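Summary of structural features
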Amino acid sequence: MEKIKQNKMESTSMHKLIWKMGLPMIISMILQSVYNIVDTAFVINMGEEGIAGNLALTYAFPIQLLIIAIGVGTGVGINALLSKKLGEKDESSTTKTVGNGIFLGICIYLVFLIFGLLGCNWFISMQAGENISAAKMGSSYLRICCCFSFGAIGFTVYERFLQSTGKTLFSTISQIAGAVTNIILDYVFIYPCKMGIDGAAWATIIGQIVSLVVAMLFHYLANKELKNSIKALKPSWSIIKDIYKIGISAAIMQGLLSVMMLGMTSILGTIKITETANLLQGSFGIYYKIMQFALFAAFGVSNTIISILSFNYGMQNKERVKACIKFGIIDSILVAAIITILFESLAVPLSKLFGMASGEGGDAIESTVTTAIRIASVGYIFMAFSIAVQGILQAFRYALSPLLISFLRLCLFVLPVAYLFTLSENVVTLVWWTFPIIEFATAGISALILKFAYNKKVCTMNEKSF
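Figured I'd write up the structure that's included with this text. Sequence order sets the numbering: in each chain, residues are counted from 1 along the sequence as written. At least 70 in pLDDT is required for a residue's local features to be given in this predicted model, at least 80 for side-chain atom pairs to be given and counted, and no such filter applies to totals for whole chains, interfaces and linings, which use all residues. The basis for the side-chain values is all heavy atoms of the structure; hydrogens and waters are excluded.

1. A short note on the overall build of the protein chain
From N to C terminus, the protein chain includes 18 helices and zero strands. Against the globule reference of 23 Å for 466 residues, the protein chain gives a C-alpha radius of gyration of 22 Å, in line with a compact fold. Seen through its principal axes, the protein chain has C-alpha atoms that stretch 70 × 45 × 35 Å. Buried residues are those whose accessible area, probed at 1.4 Å on protein chains only, stays under 20% of the maximum for their type, while exposed residues exceed 50% and partly exposed ones sit between those limits. Counting the 466 residues in the protein chain, one finds 61% classified as buried. Between two residues, a contact is recorded if the distance between any of their heavy atoms is within 4.5 Å. Across the protein chain, contacts joining residues at least 24 apart in sequence account for 83% of those joining residues at least 6 apart. For the area figures, the Shrake-Rupley method with a 1.4 Å probe applies, and any residue is considered shielded solely by the protein chains shown. Only carbon and sulfur atoms are counted for the fraction: they give 69% of the accessible area of the protein chain, which is about 18,300 Å². Here the positive residues are Lys and Arg and the negative ones are Asp and Glu; neither His nor the chain ends is included. By convention, the point assigned to a charge is CZ for Arg, NZ for Lys, CD for Glu and CG for Asp. For the protein chain, the distance from the average site of its 34 positive side-chain charges to the average site of its 24 negative ones is 15 Å. Numbering of helices and strands runs from the N terminus; a helix is a DSSP stretch of H or I covering at least four residues, while a strand is a stretch of E covering at least two. When we talk radius of gyration, it's over C-alpha atoms, and the globule rule is simply 2.2 Å times the number of residues to the 0.38.

2. So, the environment of Cys-459
The residue Cys-459 is located in the segment after α18 (434-457) in this model. Residue classification places Cys-459 among the partly exposed positions, given a relative accessible area of 42%. Separated by 356 residues in sequence, Cys-459 and Phe-103 place their C-alpha atoms 38 Å apart. Ignoring sequence-local partners within four residues, the contact set of Cys-459 consists of Lys-318 and Tyr-454.

3. Some thoughts on the packing of aromatic side chains
Aromatic pairing here means that ring centres of Phe, Tyr or Trp (its six-membered ring) are within 6.5 Å. Orientation follows from the plane angle: under 30 degrees is stacked, over 60 is edge-to-face, and everything else is tilted. One pass over the full model with this rule turns up 18 aromatic pairs. Note on Phe-296 and Phe-299: the rings are 6.4 Å apart at their centroids and 55° apart in plane angle, and the pair reads as tilted. Placement of both Phe-296 and Phe-299 in helix α11 (residues 274-314) is noted, with a separation of three residues, approximately one turn of the helix. Judged by its relative accessible area of 1%, Phe-296 falls in the buried class. Three or more aromatic residues joined by ring pairs make a cluster, and in this case those are Phe-284, Tyr-287, Tyr-288, Trp-432 and Phe-435. If you follow Lys-289 out to its NZ or CZ, it ends over the ring of Phe-61, 5.0 Å from the centre. Here, a charge over a ring means that NZ of Lys or CZ of Arg falls within 6 Å of the ring centre while also lying within 35 degrees of the ring normal.

4. Points about the pattern of salt bridges
When a carboxyl oxygen of Asp or Glu is within 4 Å of a side-chain nitrogen of Lys or Arg, the pair counts as a salt bridge. Per the counting criterion, the structure on display carries six salt bridges. As a salt-bridge pair, Lys-167 and Glu-225 come within 2.8 Å of each other at their nearest N and O atoms. With a gap of 58 residues between them, Lys-167 in the loop between α7 (150-164) and α8 (168-190) and Glu-225 in the loop between α9 (196-222) and α10 (237-268) connect regions that are remote in the sequence. Among the residues examined, Lys-167 registers a relative accessible area of 18% and is labelled buried.

5. A closer look at the nonpolar core
Of all hydrophobic cores here, the largest spans 93 residues; its most connected members are Phe-284, Tyr-288, Leu-295, Leu-309, Phe-396 and Trp-432. Broken down by element, the residue count for this core peaks at 20 residues, all from α11. Residue types Ala, Val, Leu, Ile, Met, Phe, Trp, Tyr and Cys, when buried and joined through side-chain atoms within 4.5 Å, form a set referred to as a nonpolar core. In terms of nonpolar packing, the next biggest core, distinct from the first, is built from 36 residues, Leu-31, Ala-60, Ile-124 and Ala-135 among them.

6. Description of the side chain of Asn-223
Inspection of the secondary structure puts Asn-223 in the loop between α9 and α10. Overall, Asn-223 belongs to the buried group, its relative accessible area being 2%. Contacts of Asn-223, omitting those with residues within four sequence positions, involve Phe-161, Leu-162, Thr-165, Lys-167 and Phe-218.

7. Describing helix α12 (residues 318-352)
Take the number of residues in a helix, subtract one, and multiply by 1.5 Å to get its expected span. The terminal C-alpha atoms of α12, which comprises 35 residues, lie 49 Å apart, in line with the 51 Å expected from a rise of 1.5 Å per residue. Of all the bends in α12, the greatest, near 70°, is centred on Leu-346, and the proline Pro-349 appears no more than four residues after it. Here the bend at a residue is taken as the angle between two axes, fitted respectively to the seven residues that end there and the seven that start there.

8. What to know about the packing of helix α14 (residues 380-395) against α18
If you want to describe how two helices pack, look at the angle between their axes and the distance between the axes. For the pair α14 and α18, the least separation of the axes is 8 Å and the interaxial angle reads 30°. Judged by the inter-axis angle, α14 sits roughly parallel to α18. Considering the relative orientation of α14 and α18, their crossing is left-handed. Between α14 and α18, the residues in contact are Phe-382, Met-383, Phe-385, Ser-386, Val-389, Ile-392 and Leu-393 and Glu-439, Phe-440, Thr-442, Ala-443, Ser-446, Ala-447, Ile-449, Leu-450 and Ala-453, respectively. Helix axes use the C-alpha atoms of the stretch in contact, all axes being lines fitted to C-alpha atoms, and the angles between their N-to-C directions lie in the range 0 to 180 degrees. Any angle from 65 to 115 degrees is called roughly perpendicular, while one under 35 is roughly parallel, one over 145 is roughly antiparallel, and all others are oblique. The hand of a helix crossing depends on one turn: near helix anticlockwise from the far one by less than a right angle means left-handed, and clockwise means right-handed.

9. Comments concerning a nonpolar patch on the surface
Residues forming no salt bridge and having over 30% relative accessible area are the ones grouped into patches, like charges within 9 Å of each other and nonpolar side chains (Val, Leu, Ile, Met, Phe, Trp, Tyr) within 5 Å. Nonpolar side chains collect at one region of the surface, where Leu-23, Ile-27, Ile-176, Val-180 and Ile-184 lie side by side and expose about 400 Å² of accessible area between them. Listed by contribution, the elements that provide at least two residues to the nonpolar patch are α2 (14-44) and α8. In terms of residue count, α8 provides more of the nonpolar patch than any other element does, three residues in total. The topology assignment puts Ile-176 in helix α8.

10. Considerations on the environment of Phe-440
Mapping Phe-440 onto the fold places it in helix α18. What makes Phe-440 exposed here is its relative accessible area of 55%. Spatially, the C-alpha atom of Phe-440 lies 16 Å from that of Ala-294, the residues being 146 residues apart in sequence.

11. Overview of helix α15 (residues 400-412)
Taking 1.5 Å per residue as the helical rise, α15 with its 13 residues ought to reach 18 Å, whereas the 15 Å between its terminal C-alpha atoms falls clearly short. Within the sequence span of α15, burial applies to Ser-401, Pro-402, Leu-403, Ile-405, Ser-406, Leu-408, Arg-409, Leu-410 and Cys-411. Looking at the buried residues of α15, the elements they touch are α10, α11, α14, α16 (414-422) and α18.

12. Some details on unusual backbone geometry
Although it is not a glycine, Lys-194 sits at a positive phi angle of roughly 55°. Take Lys-194: its relative accessible area is 70%, and that puts it in the exposed class. Positive phi, close to 60°, is recorded for Gln-316, a residue that is not glycine. By secondary structure assignment, the location of Gln-316 is in the loop between α11 and α12.

13. Digging into the environment of Ile-106
With respect to the helices, strands and loops of the structure, Ile-106 is situated in helix α4 (residues 91-118). For Ile-106, a relative accessible area of 48% gives the class partly exposed. Expressed as a C-alpha distance, the spacing of Ile-106 and Ile-153, which sit 47 residues apart in the sequence, is 8.3 Å.

14. Re the side chain of Ser-258
Mapping Ser-258 onto the fold places it in helix α10. Judged by its relative accessible area of 8%, Ser-258 falls in the buried class.

Function-wise, these values are silent; they only describe arrangement.
Now the structure itself:
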């Protein structure tokens, strides 16, 4: 009878478990990037307004990344705490964590609602300068995405409820439902309905709401390992504190993507030739959304590591902890290698998606994005290793060391290197070498941090029989 109740995270072969839980999570994370990629592909091919529309999306993207960052960061904290409490068989704490997770999601939404109502014009105008067309479109797009961001934020919470109990397939189905809705509505709203960039925004938020609704249905109907209670919505500061012991560093780590995006856009905007600056800003916005396939795939494996490692670390199962670290890193590198090969092979077709009907600037954007993909994808394997190490550190409940890794690869290294390359006459090509250079450097530092954490957390654990 005991074996029937045994959680698969404490009994399934580790290599099999990582793929069984990780593949749906990887797909789910990759699908998060679909919203922005699809929006961009449809918007840039609108016609005469396509180039300005793409710049508008690039200017709005840092805030979209920030919404994801805070939602996902909170979700990571919820996931890690739930997995740990499930491993400890602490039913009371798991129920409180579920309730407080929903409470935090509501609070986060209210913050972005206020920003959507009051801050969008300022944020977009700060980047767009005298480009009035891009500024107007960007403000309108961002306002819709912020004011109705409850779908994106709520989904990150309910997704983690499902992932913490190993039901990653349900979270993937929820994500697919939203992504398909977004793709269909993007076409309908932008072309037949002629809603322009606003149509892209409405398609995105409706897709996110669909994902939220489906995830909620799966949670309340099938996630029997977690109990739900209205009383649990009452904030428990001890639970919130435990969530953000891990969640705050995860949110900041993801949030640094927003800082890097804003920093890169600003640095590229300093190029004296306006046409070159606009070309690189627009191309960077496109490339970064394509690159998210690799980035989010790495986060998918990392989140799998967090769930499995947190559970087994909570049980103090040394052998499974060691196996999770080993196979988690190997599988992260394998996934990144596959994506690198695909990107190197498909760089031209991917770039063509964003240059089919953009007027005279289409060929320049297509060529620049192709160059970006082929150069920058060289660093994906190193990026995946660093992100896997961050997941391991988060599972061990380290807060500062995973944050340090993100700060190095997204701010301290990347922005100065990128600025130096903008001073070159061959900036259109050289600036993309920023990314493999900083990923290689960060991976080396990550390896040293991992060795220290492994010696402290794993080598000192007592062997137990299970």
